[in-house]
Amino acid sequence: MNHVVIYTDGACKGNPGPGGWGVYLQSEGIEKELWGGERNTTNNRMELTAVIEALTALKRPCRVSLYLDSQYVRKGITEWIHGWKRKGWITAAKQPVKNAELWQKLDALVHSGVHQIEWHWVRGHAGDPGNERADALANRGVPV
């Protein structure tokens, strides 16, 4: 299994407002950058989209070290999602899960068993080179 290091980030100019997502991938000396955006979105949607786009870009099963600065995404996919699914996509506060369609896409990618994913949280804007690069890509993706 190839080992891939992935950094993801989302950005939003206003929340909601124009937003972008960025992905920086490294594997065996090869680097790849991905970015995109939406005209009216939220930061959380862009954080989720970045991870979805990163995992979708993988063409074969991989061992993934995934770095992100979003506790919302990391905790959502590793902790909260199990309860949401059990309760029919309803939160503990008995409200519909926000961004449920993106969570469902991410859940399918993560729990399909295709990739072995290790989730790593990094502090945003703290000088981590991979995170800074993903942040720059996310900002590049914001529609003008």
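Preceding this paragraph is the structure being described.
Definitions and limits used
Residues numbered from 1 in each chain as written. Predicted model: local features only at pLDDT ≥ 70, side-chain atom pairs only at ≥ 80, totals over all residues. Heavy atoms only, no water. Helix = DSSP H or I, 4+ residues; strand = E, 2+ residues; numbered from the N terminus. Contact = heavy atoms within 4.5 Å. Polar contact = N/O pair within 3.5 Å; in protein donor to acceptor, adjacent residues only side chain to side chain. Buried < 20%, exposed > 50% of the residue type's maximum accessible area, 1.4 Å probe, protein only. Pairing = 2+ DSSP bridges. Axes fitted to C-alpha atoms, helices over the stretch in contact; angles between N-to-C directions.

Got a minute to help me understand the environment of Asn99 in this structure?
Looking at the element boundaries, Asn99 is found in the loop between helix H2 (71-86) and helix H3 (100-110). In the structure, Asn99 is positioned 57 residues away from Thr42 in sequence and 9.9 Å away in space, judged by C-alpha atoms. Apart from residues lying up to four places away in sequence, Asn99 is in contact with Asn44, Arg45, Leu48 and Tyr72. At 3.0 Å, the side chain of Asn99 and the side chain of Tyr72 are in polar contact.

It is not clear to me how the side chain of Asn99 should be interpreted in this structure. Could you clarify?
Residue class for Asn99 comes out buried when judged on its relative accessible area of 14%. At 2.9 Å, the side chain of Asn99 forms a polar contact with the side chain of Arg45.

It is not clear to me how the sheet that holds strand E4 (residues 62-68) should be interpreted in this structure. Could you clarify?
Think of a sheet as strands paired side by side through backbone hydrogen bonds, with each pair either parallel or antiparallel. If you walk across this open sheet you meet the five strands as E3-E2-E1-E4-E5, and the pairing is mixed. Edge positions in the open sheet fall to strand E3 (30-41) and strand E5 (116-121), since each of these has one partner strand only. Going from strand to strand, the sheet's axes swing by 20° on average, the running direction of each strand aside. Judged from the six bridges that link them, E4 and E5 form a sheet pairing that is parallel. Paired with Leu68 across the strands is Trp121, a residue of E5. Its contacts with the sheet put H2 on E4 and E5, and the angle it makes with E5 is roughly 140°.

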